[in-house]
Amino acid sequence: MIELPSDLPADLVPLSWLLGVWEGVGVIDYHVGDDHYSGEFTHRVSFSHDGGDFLNYSATAVTTDTDRALVTEVGFWRLARPRTNADAGPGLLPAIAEPIVRTVDDVESLRQPSGGFDIEVSLVHSDGVSELYLGQVTGPRIDIATDAVVRTASAQEYGAASRMYGLVDSHLLWAWDIAALGAPLASHASARLAKVS
């Protein structure tokens, strides 16, 4: 059973089932022309919050056979909502209005006709790729796709991605499709993770 903290900001309630540290094993299966990338990896994912209206995210993946690091990601997950003068930013700019304590009714007003909530996910990879994902959380399922990808001059070619996360039998399952190295968007990796804290 998933236990939800009682001190969450209302904006985080639709994402609250993600909170915690998850670990498990995944598989890579990706084709680029005649090259086939495959293998198993151990994966550790952490979702936490520090009182803001977003979740902090970090993830690491290491090959199971050689213990070689594959990638580390860090980022932020939040409900998509109009920003107001009570929100800080950009940069270090402070809010120019008093903080607003958002309620469950405020969050419920963001629900889409499909039943889900629009979300925004920003991720930075250790290999020089940055992604902005847009999508929806509907109950214990999240579907997101890149709206923008930026990469450093030294990063490998990477053009787009989509991800799916779901809570199934108390496990976090995810699948990641990518368009990289000249190949079109296709299945890339998936994993099954158990909550460890």
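Now for a quick tour of the structure.

Conventions used here
- Residues numbered from 1 in each chain as written.
- Predicted model: local features only at pLDDT ≥ 70, side-chain atom pairs only at ≥ 80, totals over all residues.
- Heavy atoms only, no water.
- Core = buried A, V, L, I, M, F, W, Y, C linked by side-chain atoms within 4.5 Å.
- Buried < 20%, exposed > 50% of the residue type's maximum accessible area, 1.4 Å probe, protein only.
- Contact = heavy atoms within 4.5 Å.
- Helix = DSSP H or I, 4+ residues; strand = E, 2+ residues; numbered from the N terminus.
- Polar contact = N/O pair within 3.5 Å; in protein donor to acceptor, adjacent residues only side chain to side chain.
- Salt bridge = Lys/Arg side-chain N within 4 Å of Asp/Glu carboxyl O.
- Phe/Tyr/Trp six-rings, centres within 6.5 Å; stacked < 30°, edge-to-face > 60°.
- Lys NZ or Arg CZ within 6 Å of the ring centre and 35° of its normal.
- Pairing = 2+ DSSP bridges.
- Axes fitted to C-alpha atoms, helices over the stretch in contact; angles between N-to-C directions.

1. Examining the nonpolar core
Within the largest apolar cluster, 43 residues are counted, with the highest numbers of intra-cluster contacts made by Leu-18, Phe-47, Trp-77, Ile-119 and Ile-142. Those residues in contact with Ile-142, other than ones at most four positions away along the chain, are Leu-15, Trp-17, Leu-18, Trp-77, Ile-119, Gln-136, Val-137, Arg-163, Met-164 and Tyr-165.

2. As for the side chain of Asp-87
With respect to the secondary-structure elements, Asp-87 resides in the loop between strand 4 (69-79) and helix 1 (104-108). One polar contact links Asp-87 to Arg-81, side chain to side chain, over a distance of 2.9 Å. Polar side-chain contacts of Asp-87 include one of 2.8 Å to the backbone nitrogen of Thr-84.

3. Focus: the pattern of salt bridges
Within this structure, the stated rule accounts for twelve salt bridges. Notably, a salt bridge pairs Asp-11 with Arg-102, separated by 2.7 Å at the nearest N-O pair. Remark: Arg-102 occurs in the loop between strand 4 and helix 1 and Asp-11 occurs in the segment before strand 1 (20-32); sequence separation between them is 91 residues. On the accessibility criterion, Asp-11 (4% relative accessible area) is buried.

4. Overview of the environment of Ala-69
Positionally, Ala-69 belongs in strand 4. Along the primary structure Ala-69 and Met-164 are separated by 95 residues, whereas in three dimensions their C-alpha atoms are 23 Å apart. Each residue touching Ala-69, except ones within four places of it in the same chain, is listed here: Ala-61 and Val-62.

5. Concerning the packing of aromatic side chains
This model, assessed by the stated rule, comprises seven aromatic pairs. Seen in terms of ring centroids, Phe-54 and Phe-76 are 5.5 Å apart; in terms of plane orientation they differ by 85°. Their pairing is edge-to-face. One end of the pair, Phe-54, is in the loop between strand 2 (35-48) and strand 3 (55-63); the other, Phe-76, is in strand 4, and 22 residues separate them in sequence. Put simply, the rings of Phe-47, Tyr-57, Trp-77 and Tyr-165 touch in pairs and so form one group of aromatic residues. In this arrangement the basic side chain of Arg-163 is found over the ring face of Trp-176, its NZ or CZ atom lying 3.9 Å from the centre.

6. Observations concerning the sheet that holds strand 9 (residues 171-180)
Taken in spatial order, the ten strands line up as 1-2-3-4-5-6-7-8-9-10 and close into a barrel, and their pairing is antiparallel. In this sheet, neighbouring strand axes are inclined to one another by 20° on average, regardless of whether the strands run parallel or antiparallel. The pairing of strand 6 (residues 129-138) with strand 7 (residues 141-151) spans ten bridges and is classified as antiparallel. From the neighbouring strand, Val-137 faces strand 7, where its bridge partner is Ile-142.

7. Section: the pairing of strand 10 (residues 186-195)
Note that strand 1 and strand 10 share seven bridges and pair antiparallel. Paired with Gly-24 across the bridge in strand 10 is Leu-193. Relative to strand 10, strand 9 is paired through eight bridges, and the arrangement is antiparallel. The residue of strand 10 that forms the bridge with His-171 is Ala-194.

8. Structural notes on the environment of Thr-138
Secondary-structure assignment places Thr-138 in strand 6. For the pair Thr-138 and Ile-28, spaced 110 residues apart in sequence, the C-alpha to C-alpha distance is 26 Å. If we skip the residues at most four places from it in the chain, Thr-138 touches Gly-115 and Gly-116.

9. A look at unusual backbone geometry
With omega at 0°, the peptide bond leading from Gly-89 into Pro-90 counts as cis. Here Pro-90 is to be found in the loop between strand 4 and helix 1. Here Asp-67, not a glycine, exhibits a phi torsion of approximately 60°, which is positive. Considering the arrangement of structural elements, one finds Asp-67 in the loop between strand 3 and strand 4. In this structure Asp-67 comes out as exposed when scored by relative accessible area, which is 63%. Residue Leu-181 is not a glycine yet carries a positive backbone phi of 55°.

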